[in-house]
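Structural overview for review
If you want the building blocks of each chain, they are given just below.
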Amino acid sequence: MAHTFPEICLVRHGETEWSLSGRHTGRSDIPLTANGEAAARQVGPRLAGKSFAAVWSSPSQRARNTCALAGFGAGAVVKDDLAEWDYGAYEGITSKEIHAGRPGWQLFRDGCPNGEAAGDVGARADRIISELRQADASILIFSSSHFLRVLGARWLGLQPADGARFILDTTSISVLGYEHDLTEPVIRRWNGR
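On a predicted model such as this, the values are computed, not experimentally measured, just so you know.

1. Remarks on the UniProt feature "active site" (unreviewed entry) in the protein chain
Within the UniProt annotation, "active site" (unreviewed entry) is assigned to His13 and Glu84. For the annotated residues, spread through 72 residues, the largest C-alpha to C-alpha distance comes to 10.7 Å, consistent with a single compact locus. Setting aside residues up to four positions removed in sequence, His13 forms contacts with Arg62, Ala63, Thr66, Ser143, Ser144, Thr170 and Thr171. Among the polar contacts listed, one links the side chain of His13 to the side chain of Arg62, at a separation of 3.4 Å. Relative to the helices and strands, Glu84 is located in the loop between strand 3 (77-78) and helix 5 (95-101). Every residue in contact with Glu84, bar those within four places of it in the chain, is listed here: Thr25, Gly26, Arg27, Arg62, Glu116, Arg124, Ser144, Ser145, His146 and Phe147.

Structure below.
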């Protein structure tokens, strides 16, 4: 069914050494691996035929480089609110390592010491959603997994912690949109390969 409402395409950045090993990568600026670069080059062809009024990127080099390698770097606008979750004391370590000292810890429920809680990330996502709704246009966004998961939850009006229910693979493409009118936000596609 054809639709005329704006679509928001979300692209998770390509593979990094830390995403490959499961290390929490919030504000550390880790580069893409060779595999991550190759996958990023395939994002452009996967979006062939779509047009965007704007391209927005997280400030991280992994997101910006994915954007550039996908062919969308020219004119991309860096937005600080698209940054990945600030993991604070848990930056650079795995969930398994965190559980060794804090059994039962869950990122979306418990947040991170000296970092962000789900509500903090949700507030940033809400600001992005407000900008998207004001733009009323199709926009392409490059960012990171946990932030995009919260953005997807907030798009639907769910709590930020409900982002835990969504999974995103590296260089996946997801599409936010609307159903019958602009008061009915939906997820049109999630974690597309």
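2. Some remarks on the UniProt feature "binding site: substrate" (unreviewed entry) in the protein chain
The UniProt feature table records "binding site: substrate" (unreviewed entry) at Thr25, Gly26, Arg62, Glu84, Trp85, Asp86 and Tyr87. Relative to the helices and strands, Thr25 resides in the loop between helix 1 (17-21) and helix 2 (34-41). Judged by relative accessible area, which is 10%, Thr25 ranks as buried. Once residues lying within four places of it in the same chain are set aside, the contact partners of Thr25 are Trp18, Ser19, Ile30, Arg62, Glu84, Tyr87 and Glu91. Polar side-chain contacts of Thr25 include one of 3.0 Å to the backbone oxygen of Arg23.

3. Side note on the sheet that holds strand 3
An order of 3-2-4-1-5-6 is seen for the 6 strands of this open sheet, with the pairing classed as mixed. A strand with exactly one partner marks an edge of an open sheet, and here the two such strands are strand 3 and strand 6 (185-192). With 4 bridges joining them, strand 1 (residues 8-12) and strand 5 (residues 173-178) adopt antiparallel strand pairing. In the sheet register, Ile8 faces strand 5, and the bridge partner there is Leu176. With respect to the sheet, helix 4 (residues 61-69) is in contact with strand 1, strand 2 (54-57), strand 3 and strand 4 (139-143), its orientation differing from that of strand 4 by roughly 135 degrees.

4. With respect to the packing of aromatic side chains
If you walk through the whole model with that rule in mind, you get 7 aromatic pairs. Taken together, Phe5, Trp155 and Tyr178 form an aromatic cluster joined through their ring pairs. One Lys or Arg, Lys79, reaches over the ring of Trp56 and ends 4.6 Å from the middle of that ring. Over the ring of Trp155 we find Arg133, and its NZ or CZ is 4.3 Å from the ring centre.

5. Quick notes on the nonpolar core
Counting 28 residues, the largest nonpolar core has Ile8, Trp85, Ile128, Leu132, Ile141, Phe147 and Leu151 as its most contacted members. Secondary-structure elements contributing two or more residues to this core are strand 1, helix 6 (107-110), helix 7 (118-135), strand 4, helix 8 (145-155) and strand 5. Among the elements that line this core, the one with the most residues is helix 7, at 6 residues. Other than its neighbours up to four places away in sequence, Ile141 contacts Ile8, Cys9, Leu10, Val11, Trp56, Leu82, Ile128, Leu132 and Leu148. Ala63, Leu140, Phe142 and Ile173 belong to the second-largest nonpolar core, a separate cluster that totals 14 residues.

6. Comments concerning the environment of Phe5
Of note, Phe5 is situated in the segment before strand 1. On the basis of relative accessibility, which here comes to 23%, the residue Phe5 falls in the partly exposed class. Between the C-alpha atom of Phe5 and that of Tyr178, which follows or precedes it by 173 residues, the distance is 6.4 Å.

About the cut-offs
- Residues numbered from 1 in each chain as written.
- Predicted model: local features only at pLDDT ≥ 70, side-chain atom pairs only at ≥ 80, totals over all residues.
- Heavy atoms only, no water.
- UniProt positions renumbered as here; feature names shortened; annotations may be inferred.
- Contact = heavy atoms within 4.5 Å.
- Polar contact = N/O pair within 3.5 Å; in protein donor to acceptor, adjacent residues only side chain to side chain.
- Helix = DSSP H or I, 4+ residues; strand = E, 2+ residues; numbered from the N terminus.
- Buried < 20%, exposed > 50% of the residue type's maximum accessible area, 1.4 Å probe, protein only.
- Pairing = 2+ DSSP bridges.
- Axes fitted to C-alpha atoms, helices over the stretch in contact; angles between N-to-C directions.
- Phe/Tyr/Trp six-rings, centres within 6.5 Å; stacked < 30°, edge-to-face > 60°.
- Lys NZ or Arg CZ within 6 Å of the ring centre and 35° of its normal.
- Core = buried A, V, L, I, M, F, W, Y, C linked by side-chain atoms within 4.5 Å.

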